[in-house]
Structures are given as C-alpha cells and as structure tokens.
Amino acid sequence: MVAEIRRCQRTGVRSTNWQTVLLQRSSWLLLLTLMISGLSVPVTAAGQQAEDLDTTIQHLITYVRESHVNFERNISRHDSVEAAAHIEKKYQHFKGKIDTPEQFIELCATASLVTGKQYFIIDEQGNEMPSGDWLNAELVRYRLQNVHNREQLTHEKWPASRE
C-alpha cells in the first residue's frame, strides 16, 4: 500500500482520491482473500447469508453513530449521530426489501433517493470518501472479525487431542 500511496503522490492525485482508491483496493483484496481461503460467510440452503442480518445492520448503524465523522447529504453536512438517525429511518422504511447488508448500504446509506446525490463521509482532516465505500469496508472488517471469533470459539470448544 505504501508504494500505491507514493505512486499517487508522484502523479499528483489528491489525498482524498488516493485514499479512496486504497480503501477500494483493500476491500477487494480482503474479499478475495476470504474467498480463496474458504472463510467466506456461510450460505444457507435458501442462498442467503447465514449471518444475522439485523445484528449486522445494527452494527453498521452504530459504527456510523460512533464514528465522529461528518456526513454530506444533499450538500448539507450532518454529524454522525444525525447521519445514523437518518440511515435508521431509511432502514425502517425499506426493511422488507433488504435481504443482505450490501442491500442495506445501497438503499439506506449511499445516496439520496430524491436527488440521486451520493452521500460522503468527511473525516477530521477534511478528506472525503463515498459513504458506500466506507461502510462496505467496515462490513468486510466486521465479517472478518466474526470469522476469527467463530474460529476461536471452535478451538476452545474442541481442543486439539493430546497424543
């Protein structure tokens, strides 16, 4: 990643652009690693992810609320508490149409349905990133953490046999 940052700096790419590029590439690398290693989220017979949908969505809403970043929505800025409340309201409206966390992000936290304008997060340094990219990266991190936690529970439950 350091080489990528240096290349972006040499070519004059603004910090917000290279940070977005890095986050997107990192997210894809994490997903690819999960798929290759066989640690992807289990799938049920119905083809839906076995993860608890509401728990995952509530984690993402809490992540927004506790992030201390600003959200730009329809040209106005909102703090993380206001943004989480807005996303929660949209979630309650679309709950029956959401089958995956990715659908939640797309329908509730990516863009205005009225204006079509994309939502952005703005960190303390003033860097902007599309909110969908930011939340999808957190979703990948959350899933990785849950896979790791399940593996630890399995090892604690079934210790290696002693010979």
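Further up the page is the structure itself.
Owing to the predicted nature of the structure, the values given are computational and were not obtained by experimental measurement.

Conventions we followed
- Here the residue numbers are simple positions, counted from 1 along each chain's written sequence.
- In keeping with the model being predicted, local features are shown solely for residues with a pLDDT of at least 70 and side-chain atom pairs are shown and tallied solely at 80 or more, while totals for entire chains, interfaces and linings include all residues.
- No hydrogens and no water enter the side-chain calculation; it runs on all heavy atoms of the structure.
- Secondary structure elements follow DSSP: runs of H or I no shorter than four residues count as helices, runs of E no shorter than two count as strands, and numbering proceeds from the N terminus.
- Using a 1.4 Å probe, the Shrake-Rupley method yields the accessible areas, and only the shown protein chains count as cover for residues.
- Axes, fitted as lines to C-alpha atoms, cover a helix only where it is in contact. Angles between the N-to-C directions of the axes lie from 0 to 180 degrees.
- For this classification, under 35 degrees means roughly parallel, over 145 means roughly antiparallel, 65 to 115 means roughly perpendicular, and everything else is oblique.
- Take the far helix as the reference: if the near one is turned anticlockwise from it by less than a right angle, the crossing is left-handed, and if turned clockwise, right-handed.
- Note on definitions: a residue-residue contact is assigned when non-hydrogen atoms from the two residues lie within 4.5 Å.
- As a working rule, the residues Ala, Val, Leu, Ile, Met, Phe, Trp, Tyr, Cys and Pro are called nonpolar, Asp, Glu, Lys and Arg charged, and the rest polar, with Gly in that last group.
- Here a helix's expected span is defined as the number of its residues, less one, multiplied by 1.5 Å.
- Two N or O atoms form a polar contact when they lie within 3.5 Å of each other; inside protein one atom must be a possible hydrogen donor and the other a possible acceptor, and for residues adjacent in sequence the pair counts only when both atoms belong to side chains.
- Between 30 and 60 degrees the pair is tilted, below 30 it is stacked and above 60 it is edge-to-face, where a pair is any two Phe, Tyr or Trp rings, Trp via its six-membered ring, whose centres lie within 6.5 Å.
- Whether a residue is buried, partly exposed or exposed follows from its accessible area with a 1.4 Å probe, protein chains only, as a fraction of its type maximum: under 20%, in between, or over 50%, in that order.
- By construction, the arc corresponds to the directions joining the helix axis to the C-beta atoms.

Caption draft 1: Geometry of the overall build of the chain. Summing up its helical and strand segments, the chain has 6 helices and 4 strands in all. What you see in the chain, going N to C, is helices and strands ordered as α-α-α-β-β-α-α-β-β-α. Carbon and sulfur atoms make up 55% of the accessible area of the chain, which amounts to about 10,600 Å² in all.

Caption draft 2: Fine view of the packing of helix H3 (residues 53-65) against helix H5 (residues 101-108). Running from N to C, H3 and H5 cross one another at 45 degrees; their axes reach a closest spacing of 9 Å. Classified by the interaxial angle, the pair formed by H3 and H5 is oblique. Here H3 runs over H5; the crossing is right-handed. Of the residues in H5, those touching H3 at Leu53, Thr56, Ile57, Leu60 and Ile61 are Pro101, Phe104 and Ile105. Along the lines of polarity and charge, the residues of the contact of H3 with H5 split into 7 nonpolar, 1 polar and no charged.

Caption draft 3: Quick look at helix H4 (residues 80-94). Given a rise of 1.5 Å per residue, 15 residues ought to cover 21 Å, and the 21 Å separating the end C-alpha atoms of H4 matches this to within 8%. Where H4 is buried, its residues touch H3, strand S1 (70-73), strand S2 (76-78) and H5. One side-chain oxygen at the N-terminal end of H4 lies 3.1 Å from the backbone nitrogen of valine 81; it belongs to aspartate 79.

Caption draft 4: Looking closely at the packing of H3 against H4. Interaxial distance between H3 and H4 falls to 7 Å at its minimum, and their mutual angle equals 155 degrees. Looking at the two axes, H3 sits roughly antiparallel to H4. Where H3 abuts H4, its residues Asp54, Ile57, Gln58, Ile61, Val64 and Arg65 lie against Ser80, Val81, Ala83, Ala84, Ile87, Glu88 and Tyr91. By residue class, the composition of the contact of H3 with H4 is 8 nonpolar, 2 polar and 3 charged.

Caption draft 5: Quick peek at the packing of aromatic side chains. Under the criterion given, the structure shown has 3 aromatic pairs. Considering the side-chain rings of phenylalanine 71 and tryptophan 134, the 5.7 Å spacing of their centres and the 75 degrees angle between planes classify their relative orientation as edge-to-face. Taken together, the residues phenylalanine 71 in strand S1 and tryptophan 134 in helix H6 (residues 131-157) connect sequence positions 63 residues apart. Assigned by exposure class, phenylalanine 71 and tryptophan 134 land together as buried. Put simply, the rings of Tyr63, Phe71 and Trp134 pair up and form one aromatic cluster.

Caption draft 6: A look at H3. The terminal C-alpha atoms of H3, which comprises 13 residues, lie 18 Å apart, in line with the 18 Å expected from a rise of 1.5 Å per residue. Within H3, burial applies to Thr56, Ile57, Leu60, Ile61 and Val64. Viewed along the axis of H3, the buried residues span an arc of 140 degrees, placing them on a single side of the element.

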